[in-house]
Amino acid sequence: MGADKKHGSLVHLGAGALSGVTSCVLLQPFDLIKTRLQQSQIQQGHRGVGTIATTVQNVVATDGIQGLWRGTLPSLLRNAPGTSLYFYFLNHTKHYCLAAEQKLTGDSTRTQLSASSNMVIGASSRALAGFLLMPGTILKVQFESSLYKYAGIAGAIRDIWRRSGARGFFVGAVPTAIRDAPYAGLYLLLYEAIKNQERAIAQRRNVLLPETTVTMVAGVAAGLAASYITQPFDMVKTRMQLRPHEYTSVAQSFRKIHVEETFRGFFRGISLRVLRKGVQASLVFTLYEWVLRSNALSGEAPSAKIKA
């Protein structure tokens, strides 16, 4: 637990923050449009919903092109520390899980986690980081929605506290955890498996694949698959955070959306979420592992680097 361990932790936190900030700024318009599409049933009842193109046109007409980046500040306040904490927890839980697997199997040379361990550490790390940053998630979603017209972060915090007290900052925590934990677990499982497959194929065909290509392809593919599987929980989370008095629990929200909008209602905004998640996951993990590799090459390797 000396200086090396401390330095390694700081590297993981810094790498996570860099990747989180970059993806947040570049991909904010996707999140905003997804939120507007998912709130559309609230505003329009049963008269139909807007398309992506119509939603973009409405945002630009009302707020200008910069309106597509509305909510970027609360997104940064949530995503930068959130990504940092996620990779910090991921690094440390990987270290302990790997030590446990080495002990259980009696193989002290083991360097890779099993598929089940990858799922567990991915899910637990995301769930913990997500819960700690839940107030930031509430601010982010409500800023992106057109249902709230906050002038600034301080005013939004005061308004949420006035309406719902401390509980208002944790509305939707359960569906968020149910969405994020399986997503992160599936993502990490698929990400590591796809990377291994890419390397095996490249080796069989005697092709030299740049490590950046390996991580980007694995990130996009894993992000797309995990996003589709967890989409219904994303819809429930958004509705509970935008209209907590109408969508009061996970079970009630599922029933309400299904009755009023059919099964298809759970997949409103799916194309934007899948596209954003695929690109974001690829960008985040590629930047993160690039920082770790660069740090290792400089002679200051982190203590428990995720195997790239």
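For the structure, see preceding data.
Residues numbered from 1 in each chain as written. Predicted model: local features only at pLDDT ≥ 70, side-chain atom pairs only at ≥ 80, totals over all residues. Heavy atoms only, no water.

Asks: So, helix H7 (residues 153-164): which residues are in play, and what are the values?
Replies: For H7, with 12 residues, the first-to-last C-alpha span of 17 Å sits near the 16 Å given by 1.5 Å per residue. Positive backbone phi, at 70 degrees, marks Gly165, one or two positions downstream of H7. (Helix = DSSP H or I, 4+ residues; strand = E, 2+ residues; numbered from the N terminus. Expected span 1.5 Å × (residues − 1).)

Asks: Got a sec to walk through the side chain of Glu198? Specific residues and values, please.
Replies: Tracing the sequence through the fold places Glu198 in helix H8 (residues 173-204). Of the side chains bearing the opposite charge, Arg199 lies closest to the buried Glu198, which forms no salt bridge; the N-O distance is 7.5 Å. For Glu198, the residues in contact, after removing those within four places along its chain, are Leu209, Thr213, Val214, Val217 and Ala218. (Buried < 20%, exposed > 50% of the residue type's maximum accessible area, 1.4 Å probe, protein only. Lys, Arg positive; Asp, Glu negative; His and termini not counted. Salt bridge = Lys/Arg side-chain N within 4 Å of Asp/Glu carboxyl O. Contact = heavy atoms within 4.5 Å.)

Asks: Explain the pattern of salt bridges residue by residue, including any values.
Replies: If the charged atoms of two oppositely charged side chains come close together, the side chains can form a pair. Counted by the stated rule, this structure contains 16 salt bridges. Of the charged contacts in the structure, one is a salt bridge between Glu144 and Lys140, with a shortest N-O distance of 3.0 Å. Of the two residues, Glu144 and Lys140 both sit in helix H6 (residues 134-144), 4 residues apart, roughly one turn of that helix. Taken individually, Glu144 and Lys140 each receive the classification buried, so the pair is uniform in this respect. For the salt bridge of Asp234 with Arg273, the shortest nitrogen-to-oxygen distance reads 3.8 Å. Here Arg273 lies in helix H11 (residues 270-297) and Asp234 lies in helix H9 (residues 211-242), a separation of 39 residues in the sequence. You can call Arg273 buried: its relative accessible area is 3%.

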